[in-house]
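The residues making up each chain are set out below.
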Amino acid sequence: MQKKINEVVILGTGGTIAGQASAAGDNVGYMAGQITAADLLREVPALAGQALSVEQVAQCDSKDMDHAIWQTLAQRVAHHVARPEVSGIVITHGTDTLEETAWFLQRVLAPIKPVVLTAAMRPATALHRDGPQNLLDAVAVARSSEPQLAGVLAVVAGTIHSAQAVSKRHPYRVDAFSSGDTGVLGWVEEGAVRLARPGLLADETAPLGLAFIERPVADWPWVAVVTSHAGADASSVRALVGAGVRGIVVAGSGNGTVHRQLQTALHEAQIAGVRVWRCSRCGEGAVVGQPAGALASAGALSPVKARIALMLALMAQN
């Protein structure tokens, strides 16, 4: 059989985009991950006849995404990126942890082709579902030859985001994702890609490689996220340390500030050998500066992405 040229591989993982509800007007009471990625493709007539292949990697609600799926997904992405006839990959995913999966894949693989995560805020049974358009846009980006779009991306609501900057900012709207003050990479308009900053270099971060994550997921270091807030106390941190946590990311208020009770416990955790990073719980911006005595800063990373970065950093030590 002759190989397809400019092929796009669709990797399905479930999510709301594959969800179903008993009534078309119900955009909340649905079950995620009910139909396959192949079913999703059949709902987009504009993709008929295009060079596409489909593989179902998982079928889950992305709130339940786990490290085992990440491991398999990274392996399948690496396999297809290495195929010369493949121009790019699209991953259908749930919205709740899309930003986490995107950042994990970017740090592990730093692919030289577009790897595009797409999703939907409304199930496949909705009156005004957003999944089919998002999938169509994602395929257009996956076929792009723009060097700025190499790497892991997210395409939702007509916008293109980098894995590092993207985050879910709204629990319900179809335009729930943002790249904060970094800004989007571009837009998809009627199937055409328009870049926000033509000539922007792709992320040059070197990939960690698949061998880095091939150890059993049970052996991956445990890194937890705690949040600083009014009335915070030390008990949660001390409980985590007692249970054997290897790393803690604290989502600080404002510019990464941490409640004094929590800060005391976090410094104790460091003395006990636990790695501690701080970031901001704010939706935009980055932690600026490093005051004397402050916990190590995770910079512009969100708490969940800082958790991934710290987990991978701890893995590199072993």
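Conventions and cut-offs
- Residues numbered from 1 in each chain as written.
- Predicted model: local features only at pLDDT ≥ 70, side-chain atom pairs only at ≥ 80, totals over all residues.
- Heavy atoms only, no water.
- Helix = DSSP H or I, 4+ residues; strand = E, 2+ residues; numbered from the N terminus.
- Buried < 20%, exposed > 50% of the residue type's maximum accessible area, 1.4 Å probe, protein only.
- Contact = heavy atoms within 4.5 Å.
- Pairing = 2+ DSSP bridges.
- Phe/Tyr/Trp six-rings, centres within 6.5 Å; stacked < 30°, edge-to-face > 60°.
- Lys NZ or Arg CZ within 6 Å of the ring centre and 35° of its normal.
- Axes fitted to C-alpha atoms, helices over the stretch in contact; angles between N-to-C directions.

Structural notes on the environment of Cys60
Of note, Cys60 is situated in strand 4 (residues 52-60). With relative accessibility at 13%, the residue Cys60 sits in the buried group. Along the sequence, Cys60 and Gly33 sit 27 residues apart, while their C-alpha atoms lie 5.2 Å from each other. Non-local contacts of Cys60, meaning those with residues more than four positions away in its chain, are made with Thr13, Gly14, Gly15, Gly33, Met65 and Ile69.

Thoughts on the pairing of strand 1 (residues 7-14)
Extensive coverage of strand 1 is indicated by the burial of eight of its eight residues. Pairing of strand 1 with strand 5 (residues 86-92), which is carried by six bridges, proceeds in the parallel orientation. Looking at the pairing, Val8 lines up with Gly88 of strand 5. Relative to strand 4, strand 1 runs parallel, the two being bridged by six bridges.

A short note on the packing of aromatic side chains
What the rule picks out here adds up to two aromatic pairs. With a centroid separation of 4.6 Å and 15 degrees between ring planes, the pair formed by Trp70 and Phe104 is classed as stacked. On the criterion of sequence distance, the pair formed by Trp70 in helix 2 (residues 67-81) and Phe104 in helix 3 (residues 98-109) is long-range, its members being 34 residues apart. Each member of the pair Trp70 and Phe104 is classed as buried. Put simply, the rings of Trp70, Phe104 and Trp220 touch in pairs and so form one group of aromatic residues. Directly above the ring of Phe212 sits Arg215, whose terminal nitrogen or CZ lies 5.9 Å from the centroid.

Structural notes on the sheet that holds strand 1
Judged by pairing direction, the sheet is mixed, and its eight strands sit side by side in the order 4-1-5-6-7-8-11-12 without closing on themselves. Edge strands, defined here as strands with exactly one partner in the open sheet, are strand 4 and strand 12 (192-195). Each neighbouring strand pair of the sheet contributes to a mean axis angle of 25 degrees, computed without reference to strand direction. Of the pairings in the sheet, the one linking strand 11 (residues 186-189) to strand 12 comprises four bridges and is antiparallel in character. Along strand 12, the bridge assignment pairs Trp187 with Arg194.

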